[in-house]
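Given next are the chains, with one letter for each unit.
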Amino acid sequence: MTDKRVLTIQDISCFGQCSLTVALPIISACGIETAVIPSAVLSTHTGGFTGFTCRDLAEDIPKIRDHWKEVGVKFDAVYTGYLGTPEMIADVISIMDDLGTEGSLNIVDPAMADGGVLYPAFDMVYVEEMKKLCAKADIILPNITEACMLTGMEYKEEYDEAYIDELLAKLSALGAETVILTGVGYKPGRTGVVVFENKEKSYYEHRRIEKGCHGTGDVYASTFVGALINGKDAFTSAKIAADYTVRCIEITKGDTEHWYGVKFEKAMPELISAIHAE
Ligand code: PXL
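All of the points below concern the structure found in this document. Since the model is a prediction, treat every value here as computed from it, not as a measurement.

**Points about the site of the ligand**
- Around the ligand, the neighbouring residues are D11, S13, C18, S19, L42, H45, T46, G47, Y82, Y119 and D218.
- Interatomic distance of 2.7 Å between a side-chain N/O atom of D11 and a nitrogen atom of the ligand.
- In the model, an oxygen atom of the ligand is placed 2.6 Å from a nitrogen or oxygen of the T46 side chain.
- When the ligand sits alone it has 320 Å² of accessible area, and the protein chains cover 95% of it.
- Residues of the shell around the ligand, tallied by class, amount to four nonpolar, five polar and two charged.

**A few points about helix α1 (residues 20-29)**
- Among the residues making up α1, those that are buried are L20, V22, A23, I26 and I27. Projected down its long axis, α1 shows its buried positions confined to an angular sector of 155 degrees, all on one face.
- Where α1 is buried, its residues contact β1 (5-15), β2 (33-44), β4 (75-80), α7 (216-229), α8 (234-252) and α9 (268-276).
- Once α1 ends, the next one or two residues include G31, with phi positive near 90 degrees.

**Re the sheet that holds β2**
- The sheet built from nine strands is open, its strands ordered β3-β2-β1-β4-β5-β8-β9-β10-β11 with mixed pairing. Since the sheet does not close on itself, it has two edges, and those belong to β3 (54-56) and β11 (200-207), each with one partner.
- When strand β5 (residues 100-108) meets strand β8 (residues 139-140), the two strands line up parallel, connected through two bridges. The residue bridging V108 from the neighbouring strand is I140, located in β8.
- Packed on one face of the sheet, helix α2 (residues 60-71) meets β1, β2 and β4 and runs near 165 degrees to β2.
- Sitting on the sheet, helix α6 (residues 161-173) touches β8, β9 (178-182), β10 (190-197) and β11, and the angle it makes with β9 is about 140 degrees.

**Some details on helix α3 (residues 89-99)**
- Along α3, the residues that are buried comprise I89, V92, I93, S94, I95, M96 and L99.
- Structurally, α3 contributes buried residues whose contacts are with β1, β2, α2, β4, β5 and α4 (124-136).

**Side note on the packing of α1 against α7**
- Between α1 and α7, the shortest axis-to-axis distance is 9 Å and the interhelical angle comes to 30 degrees. Relative to α7, the element α1 lies roughly parallel. For the element pair α1 and α7, the recorded crossing hand is right-handed. Contact residues: α1 offers V22, A23, I26 and I27, while α7 offers D218, V219, S222, T223, V225 and G226.
- A breakdown of the residues in the contact of α1 with α7 according to their chemical character gives six nonpolar, three polar and one charged.

**Concerning the environment of I144**
- Tracing the backbone shows I144 in helix α5 (residues 144-151).
- The class of I144 is buried, set by a relative accessible area of 6%.
- Spatially, the C-alpha atom of I144 lies 9.1 Å from that of A113, the residues being 31 residues apart in sequence.
- When neighbours within four sequence positions are excluded, I144 is seen to be in contact with Y155, Y159, Y163, I164, L167, L181, T182, G183 and V184.

**Quick word on a negative patch on the surface**
- A contiguous patch of negative charge, built from D56, E59, D60 and E87, is present on the exposed surface.
- By the element assignment, D56 lies in strand β3.
- What makes D56 partly exposed here is its relative accessible area of 40%.

What counts as what
All residue numbers refer to position in the chain's written sequence, counted from 1. Residues qualify for local features only when their pLDDT is at least 70, as the model is predicted, and side-chain atom pairs are given and counted only at 80 or more; totals for whole chains, interfaces and linings, by contrast, use all residues. Values shown for side chains rest on all heavy atoms present in the structure; no hydrogens or waters enter the calculation. Here a residue is considered near a molecule or strand provided that any single heavy atom belonging to it is located within 4 Å of it. Side-chain atoms alone can form a polar contact between residues adjacent in sequence; in general such a contact is a pair of N or O atoms within 3.5 Å, and within protein one must be able to donate a hydrogen while the other accepts it. Residue-level accessible areas treat just the shown protein chains as cover; the underlying method is Shrake-Rupley with a 1.4 Å probe. Only Asp, Glu, Lys and Arg are considered charged, only Ala, Val, Leu, Ile, Met, Phe, Trp, Tyr, Cys and Pro nonpolar, and every remaining residue, Gly among them, polar. Classification of residues uses two cut-offs on accessible area relative to the type maximum, computed with a 1.4 Å probe and protein chains only: under 20% is buried, over 50% is exposed, and between them is partly exposed. A run of DSSP states H or I qualifies as a helix once it reaches four residues; a run of E qualifies as a strand once it reaches two. Both are numbered from the N-terminal end. As used here, the arc belongs to the directions running from the helix axis to the C-beta atoms. Should any heavy atoms of two residues lie within 4.5 Å, those residues are considered in contact. Two strands make a pair as long as DSSP finds a minimum of two bridges between them. Here the axes come from fitting lines to C-alpha atoms, over the contacting stretch only for helices, and the angles between their N-to-C directions go from 0 to 180 degrees. For classification, angles of less than 35 degrees are called roughly parallel, those exceeding 145 degrees roughly antiparallel, those between 65 and 115 degrees roughly perpendicular, and all remaining angles oblique. Crossings are assigned a handedness: left-handed for a near helix turned anticlockwise from the far helix by less than a right angle, right-handed for a clockwise turn. In this scheme, patches are assembled from residues that exceed 30% relative accessible area and form no salt bridge. Like charges are connected within 9 Å, while nonpolar side chains (Val, Leu, Ile, Met, Phe, Trp, Tyr) are connected within 5 Å. By salt bridge we mean one thing: a side-chain nitrogen of Lys or Arg within 4 Å of a carboxyl oxygen of Asp or Glu. The convention is simple: Lys and Arg are positive, Asp and Glu are negative, and His and the chain ends are not counted. Just so you know, the charge point we use is NZ for Lys, CZ for Arg, CG for Asp and CD for Glu.

Okay, structure coming up:
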């Protein structure tokens, strides 16, 4: 049996515990060979830092693709996160077309918005391109804000199951077979994740830790990918990712100096045990 190989495409925020500096260690810790394409290099992430530097690496993406085509490198899954500019999305789609093995999975975390607003670097042109990437995906992992941007629905902080059902239907209509909608909570102190697959909905509810932390979306999506490529089903992967993310927030929340990310490294032994449990 050949081991599975994942390619992840997202930015490197050199400091700040998000995107590639989270995805690479987490998926690797899950025992999966992980290749990367950095879409941009930033000195820090854009959530709470000012004056960050940013170098767009869009130009390199087709060159890396073409070299890998020559060498014959293929991937069992392509997982994308924060990318940077709308122009690079067509090249990311071509990588999915050209470098996937037969039956490979395209997993897209739209990673562009939270708390009702787009991240500073993005606008509606980016959202339109992201819809095309979601159409190419087998699995998408939006939060509710991203789901609203992708579907044109109104963002709500409080909602009922009918609102979530409408979001899921509209997200599915974008094209992905599986939708993992994160940050869905119906009760005070609770949140969770909805897994919508083959028109069937399942919900994993868990504790909501009040403190919102940067980078948790990336920890969540990367863990989901690590579990899924290990052969877990979508619901089990969603659950493992939720439990690990909660644990990371719990470990971090008491340290006021550590506001920029979560201490995901400290909980890695627990993640590895969860991946190896039946
Ligand atoms: O965690 C998402 C993310 C990734 N990369 C960059 C970001 C953010 C969120 O703000 O700014 C550069």
